[in-house]
Amino acid sequence: MMQFRTRPAALLRGVACIALALVAFGAVAAGGVQQLRDFVAGARSAEGEFEQVVTAQSGRRPQEASGSFAYARPGRFHWEYDRPYRQVLVGDGERLWSWDPDLNQVTVRTIGDALGATPAAILFGSGALEDSFELADGGEHDGLAWAEARPRRTESGFESLRIGLADGQLRRMEMRDHFGQTTVIHFTRLRANPEFAADRFTFSPPAGADVIGELPAATR
């Protein structure tokens, strides 16, 4: 799905698929679809850690990454890769910031344009789940209850999503894109509705950073 460096759109795709997966976290024991709906209706924020593996259709060596995340609806999130190297994505409610610390390069664009019809818009925004996805229970496999989500719009970039839960918590998410790539994400240390510091979802470009996109007036 992604080559990590200098690919903010690919990073966003990873965040997007996480976003839909996270809406299942914290739901009670029920079918996958019902858990998804319950969380969208009740939970407003979460934080945790993740491990991600992307496998290409060609079978070449999988790409592995890991990091941490936090979000608070609507439109605020902090998604950070710490392996294989650091990459940071921050949504402040209005804009999406993508920062490559090694290159000291920042990309900024509006949240609406950046998330569009991706699954991220469901978690970070306020849209109804069924407006963008066809949902179905995926049964029980590998000790998990699964929900399946297929985007209604082909330009979403995703072909299908599968979300696995156990004991009322999100454990795994699997996504397949239109290029045949499969992304599997394992979640750990999940915590629902935590208290966040006031500046948790703010971002200011570091000194000397190369900024691509339109900065808000207060940071110019």
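Everything that follows concerns the structure shown earlier in this document.
The shown structure was predicted, so the numbers you read here are calculated from the model rather than taken from an experiment. (Residues numbered from 1 in each chain as written. Predicted model: local features only at pLDDT ≥ 70, side-chain atom pairs only at ≥ 80, totals over all residues. Heavy atoms only, no water.)

Colleague: Teacher, can you tell me more about the packing of aromatic side chains here?
Modeller: Aromatic rings considered in pairs are described by the distance between their centres and by the relative angle of their planes. Enumeration over the complete set of coordinates arrives at 8 aromatic pairs. Geometrically, the ring pair formed by Phe 69 and Phe 187 is edge-to-face, given 6.1 Å between the ring centres and 90° between the ring planes. Of this pair, Phe 69 sits in strand β2 (residues 63-72) while Phe 187 is found in strand β11 (residues 182-192), placing the two residues 118 residues apart along the sequence. With respect to class, Phe 69 is no different from Phe 187; both count as buried. If you follow Arg 162 out to its NZ or CZ, it ends over the ring of Trp 146, 4.1 Å from the centre. (Phe/Tyr/Trp six-rings, centres within 6.5 Å; stacked < 30°, edge-to-face > 60°. Helix = DSSP H or I, 4+ residues; strand = E, 2+ residues; numbered from the N terminus. Buried < 20%, exposed > 50% of the residue type's maximum accessible area, 1.4 Å probe, protein only. Lys NZ or Arg CZ within 6 Å of the ring centre and 35° of its normal.)

Colleague: Whenever I open this one, the nonpolar core confuses me. Can you help?
Modeller: Soluble globular proteins: nonpolar side chains tend toward being buried together. In terms of nonpolar packing, the biggest core is built from 28 residues, with Phe 50, Leu 161, Met 173 and Phe 187 touching the most fellow members. Of all elements in the fold, only α2 (32-42), β1 (45-55), β2, β3 (76-83), β8 (144-151), β9 (158-166), β10 (169-177) and β11 reach the threshold of two or more residues within this core. Per-element accounting of this core gives the leading share, 4 residues, to β9. Counting residues in hydrophobic clusters, the runner-up holds 9 residues, among them Val 88, Trp 99, Phe 203 and Leu 215. (Core = buried A, V, L, I, M, F, W, Y, C linked by side-chain atoms within 4.5 Å.)

Colleague: Help me understand the side chain of Glu 80 in this model?
Modeller: Tracing the chain through its elements places Glu 80 in strand β3. Judged by relative accessible area, Glu 80 falls into the buried class, the value being 17%. Among the polar contacts listed, one links the side chain of Glu 80 to the side chain of His 78, at a separation of 2.8 Å. Not counting chain neighbours up to four residues away, the residues in contact with Glu 80 comprise Phe 50, Ser 66, Gly 67, Ser 68, Arg 86, Gln 87 and Val 88. (Polar contact = N/O pair within 3.5 Å; in protein donor to acceptor, adjacent residues only side chain to side chain. Contact = heavy atoms within 4.5 Å.)

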